[in-house]
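Notes for the structure review
One-letter residues, chain by chain:
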Amino acid sequence: MVGSGGEDVASAGDGHRGVFVRSTAKPFQATACLEVLGEAAGELSSEEVAVSWASHRAEDRHLDAVGRLLARADLDPDKLTCPPAPREAVPGSAERALHHNCSGKHALFALAGRTMGIEGPALLERDGPLQRYVLGVVAEALGPPSAVAIDGCGAPAVAVPLRALADGYRQVLAGGRWERVRDAAFAHPGLLGGQGRLETTLLGHGIISKLGAEGVYAAAWAGPRGAWGAAVKCEDGSLRGAAAVLHGLLAAVGAIDEDDWASDRPSGGGEPVGEVRATAALSALAADIA
């Protein structure tokens with residue numbers, strides 16, 4: 001957790017170890033693409049901007065917003081550079097690239113790539129013109145990566161210290177360069193995640209947040225004297241665990257009420273048999289801050 005000046009205020013584990021932050025890098029990737037578009041970025045609706053950095057559930061509203069980005073890029077949905085996936089919101093649905101939770105990001109990649117005269121696989125090449133610019137913006141926000149690999153969607157993925165991710169989200173909430181993506185998320189909280197998602201709930205409380213695969217969550221909220229940020233990484237890669245920890249942390253510092261959101265309950269034999277909650281250690285962290 002970092003304070004309003006970017007200083008470390010609390011931690012558990014090693015916040016300076018590099019971790020692959022996965023989709024939590026999306027607000028910075030989306031901002032980079034908007035900068036590539038230049039004046040043309042002003043033509044995008046706030047819905048299109050919001051879905052461009054979402055990890056969505058492929059609800060109808062998500063697919064509609066991605067479709068509008070694709071129309072601007074004059075791109076067939078099946079030509080998206082992310083792999084096919086089923087609709088999370090519709091179990092058993094057909095697999096299509098449009099349904100992938102990163103399809104909004106890839107649609108914006110395609111639109112920005114047109115400005116540079118590139119398309120198809122070249123959009124994701126680490127040393128290509130688009131990703132060189134995108135990775136540069138990500139590094140300006142989160143610092144130089146300790147490693148660059150390939151994300152599940154095929155785009156470059158960076159590893160940075162967890163405390164750098166917390167500070168990056170503090171900067172997003174503060175606005176400035178990131179104001180467009182921040183405001184789009186607050187205007188359309190359901191587009192950033194979807195039904196039941198923690199980040200959608202938190203947006204309704206003035207908290208910007210985003211999940212990343214392999215148990216990563218980041219958030220920022222209005223704390224003492226300005227924006228504060230936090231980032232969570234679960235060693236076992238559990239998003240359910242990461243969401244519960246972030247929710248518990250935000251409740252412990254008073255940013256939300258504990259009953260504002262609840263993780264899905266574990267089931268056994270088709271019935272709920274328990275609950276997922278953060279440990280008391282988070283209260284100790286909050287006490288240290290106070």
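Values in this document were obtained by computation on a predicted structure and should not be read as measured data.

This part is about the nonpolar core. Formed by 69 residues in total, the largest nonpolar core has its most connected members in Leu130, Leu165 and Ile208. Excluding anything up to four places from it in sequence, Leu165 contacts Val21, Thr24, Leu142, Val216, Ala218 and Ala231. Counting 22 residues, the second-largest nonpolar core is a separate cluster that includes Trp221, Cys234, Leu250 and Trp261.

On to helix H4 (residues 103-116). In this model, H4 (14 residues) spans 20 Å end to end at C-alpha, consistent with the 20 Å of a helix rising 1.5 Å per residue. Burial analysis of H4 places 11 of its 14 residues in the buried class, which makes it a mostly covered element. Those residues of H4 that fall on the buried side of the exposure criterion are Ser103, Gly104, Lys105, His106, Ala107, Leu108, Phe109, Ala110, Leu111, Ala112 and Gly113. For H4, the secondary structure elements touched by its buried residues are helix H1 (26-37), helix H2 (46-52), helix H3 (60-73) and helix H5 (129-142). Following H4 by one or two positions, Gly117 has its phi on the positive side, about 75°.

Below, the discussion takes up the environment of Leu203. Turning to its location among the elements, Leu203 is positioned in helix H9 (residues 198-203). When its relative accessible area of 5% is taken as the criterion, Leu203 is described as buried. Between the C-alpha atom of Leu203 and that of Arg182, which follows or precedes it by 21 residues, the distance is 10.0 Å. Non-local contacts of Leu203, meaning those with residues more than four positions away in its chain, are made with Ala185, Phe186, Pro189, Leu192 and Ile208.

In this section: the side chain of Arg182. Tracing the backbone through its elements, the reader meets Arg182 in helix H7 (residues 179-187). A relative accessible area of 15% means that Arg182 is categorised as buried. Look past the residues within four positions of Arg182 in its chain and what remains in contact with it is Val172, Leu173, Ala174, Gly175 and Ile208.

Turning to the packing of aromatic side chains, a few remarks are in order. In this structure the tally under the stated criterion is two aromatic pairs. Considering the side-chain rings of Phe28 and Tyr169, the 6.0 Å spacing of their centres and the 90° angle between planes classify their relative orientation as edge-to-face. Residue Phe28 is found in helix H1, and its partner Tyr169 is found in helix H6 (residues 162-174); the two are separated by 141 residues along the sequence. Both residues of the pair, Phe28 and Tyr169, count as buried. A ring pair is formed by Phe28 and Trp178, whose centres lie 5.2 Å apart and whose planes are at 90°; its orientation type is edge-to-face. Of this pair, Phe28 sits in helix H1 while Trp178 is found in the loop between H6 and H7, placing the two residues 150 residues apart along the sequence. On the basis of relative accessibility, which here comes to 0%, the residue Phe28 falls in the buried class. Judged by its relative accessible area of 5%, Trp178 falls in the buried class.

If a residue is not glycine, its phi is most likely negative; likewise, a peptide bond is most likely trans. Even without a glycine there, the phi angle at Arg22 is positive, about 50°. Relative to the elements of secondary structure, Arg22 occurs in the loop between strand S1 (18-20) and H1. Of note in the backbone geometry, Asp74 takes a positive phi value of approximately 55° without being a glycine. Within the secondary structure, Asp74 is located in the loop between H3 and H4.

Quick look at the packing of H1 against H4 now. Helix-helix packing is characterised by the crossing angle of the two axes and by the distance between the axes. At a minimum axis distance of 9 Å, the contact between H1 and H4 shows a crossing angle of 30°. Taken together, the axis directions place H1 and H4 in an arrangement best described as roughly parallel. The interaxial crossing formed by H1 with H4 has left-handed handedness. Touching Lys26, Gln29, Ala30, Cys33, Val36 and Leu37 of H1 are Lys105, Leu108, Phe109, Leu111, Ala112, Thr115 and Met116, all from H4. Within the contact of H1 with H4, the residues separate by chemical class into nine nonpolar, two polar and two charged.

Here is what the cut-offs are and how they apply
Numbers given for residues are sequential positions, taken from 1 along each chain in its written order. Per-residue local features of the predicted model are confined to residues with pLDDT of at least 70, and side-chain atom pairs are confined, for both listing and counting, to 80 or more; whole-chain, interface and lining totals are unaffected and use all residues. Note: side-chain values were computed over all heavy atoms of the structure, leaving out hydrogens and water. Joining through side-chain atoms within 4.5 Å is the link that ties buried Ala, Val, Leu, Ile, Met, Phe, Trp, Tyr and Cys residues into a set, and such a set is a nonpolar core. Each residue is assigned to one of three classes by its accessible area relative to the maximum for its type, calculated with a 1.4 Å probe on protein chains only: buried under 20%, partly exposed between the two thresholds, exposed over 50%. Contacts: residue pairs with any heavy atoms within 4.5 Å of one another. The secondary structure listing takes helices from DSSP runs of H or I that are at least 4 residues long and strands from runs of E that are at least 2 residues long, numbered from the N terminus. A helix is expected to span 1.5 Å for every residue after the first. The rule is short: rings of Phe, Tyr and Trp, with Trp giving its six-membered ring, pair when the centres are within 6.5 Å, and they are stacked under 30 degrees, edge-to-face over 60, tilted in between. A fitted line through C-alpha atoms serves as each axis, taken over the contacting stretch for helices, and the angle formed by two N-to-C directions is quoted from 0 to 180°. Should an angle fall under 35 degrees it is taken as roughly parallel, and over 145 as roughly antiparallel, whereas 65 to 115 is taken as roughly perpendicular and any remaining angle as oblique. Left-handed describes a crossing whose near helix is turned anticlockwise from the far helix by less than a right angle; the clockwise case is right-handed. All amino acids are sorted into three groups, where Ala, Val, Leu, Ile, Met, Phe, Trp, Tyr, Cys and Pro are nonpolar, Asp, Glu, Lys and Arg are charged, and the leftover types, Gly among them, are polar.

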